[in-house]
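Breakdown of the fold
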Amino acid sequence: MVLPWGLVFVQRVGGSNVVRLLRAETVDRVAAGTANLEPWWYYLAVCLVAFLPWAGPLFLGMVRGLTRWHDPESPTGPYAAAAFGAGLVFFSLSKEKLPSYILPLAPMAALVVTFELGQELVNPTR
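Heads up: these notes are all about the structure in this document. (Residues numbered from 1 in each chain as written. Predicted model: local features only at pLDDT ≥ 70, side-chain atom pairs only at ≥ 80, totals over all residues. Heavy atoms only, no water.)

By secondary structure assignment, the location of Arg68 is in the loop between helix H4 (55-67) and helix H5 (76-93). The class of Arg68 is buried, set by a relative accessible area of 13%. (Helix = DSSP H or I, 4+ residues; strand = E, 2+ residues; numbered from the N terminus. Buried < 20%, exposed > 50% of the residue type's maximum accessible area, 1.4 Å probe, protein only.)

As structure tokens, then:
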């Protein structure tokens, strides 16, 4: 679906310009950073603010999901916790960081929070 538009773009702009653009927008931002240089823990603070109403259940769900990794009764929680954690690590490795970069992790955060709340309803004493 994108191939015809991509071919027209390469033909119009030129192959070397497209390679230079892709390198500047991907590799250079990740490896060297251009404008928004932040420390590695930046996204932890962004998650705290972005998911503030759900920060407590999100943290508890991450801990519960990762500690119950081999539990066959609830595979969704560990999967969602691992996916959310891997996404945070992936985005934290980049030099350039913007708060909007972690928006794709919001569905995983919602799954972790739902898992945690469901576990509290099913097993309130655990």
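Next, the rest of the story.
This part takes up the nonpolar core. Ranked by internal contacts, the top residues of the largest apolar core, which has 18 residues, are Tyr43, Leu58, Phe84 and Ile102. Looking at this core, the elements that each hand over two or more residues are helix H3 (42-50), H4, H5 and helix H6 (106-122). Discounting residues that sit within four places of it in the chain, Leu58 has contacts with Phe51, Phe84, Ala109, Val112 and Val113. (Core = buried A, V, L, I, M, F, W, Y, C linked by side-chain atoms within 4.5 Å. Contact = heavy atoms within 4.5 Å.)

Counting through the fold element by element, Ala32 comes out in the loop between helix H2 (15-31) and H3. In sequence terms Ala32 and Val49 are 17 residues apart; their C-alpha atoms lie 26 Å from each other. The residues touching Ala32, leaving out its near neighbours within four places in the chain, are Val27, Leu37 and Lys95.

What follows deals with the packing of aromatic side chains. According to the stated counting rule, one finds 4 aromatic pairs in the structure shown. A centroid spacing of 6.4 Å and a plane angle of 65° characterise the contact between Tyr43 and Phe91, whose relative ring orientation is edge-to-face. Of this pair, Tyr43 sits in helix H3 while Phe91 sits in helix H5, placing them 48 residues apart in sequence. Phe91 shares its class with Tyr43; the two are buried. For the pair Phe51 and Phe84, a centre-to-centre distance of 6.2 Å together with 65° between the ring planes defines the contact as edge-to-face. Placement of Phe51 in the loop between H3 and H4 and of Phe84 in helix H5 is noted, with a sequence separation of 33 residues between them. (Phe/Tyr/Trp six-rings, centres within 6.5 Å; stacked < 30°, edge-to-face > 60°.)

This part is about the pattern of salt bridges. Between side chains of opposite charge, a pair can form as their charged atoms come close. Counted according to the given criterion, the structure contains 1 salt bridge. For Glu116, the salt bridge identified is with Arg64, shortest N-O distance 2.9 Å. Of the two residues, Glu116 sits in helix H6 while Arg64 sits in helix H4, which places them 52 residues apart along the sequence. Arg64 shares its class with Glu116; the two are buried. (Salt bridge = Lys/Arg side-chain N within 4 Å of Asp/Glu carboxyl O.)

A few words on the environment of Gly65. Within the secondary structure, Gly65 is located in helix H4. Spatially, the C-alpha atom of Gly65 lies 13 Å from that of Ala86, the residues being 21 residues apart in sequence. Beyond its immediate stretch of four places on either side in the chain, Gly65 contacts Gly77, Pro78, Ala81 and Phe115.

Fair warning: the whole summary comes from geometry, so function is off the table for now.
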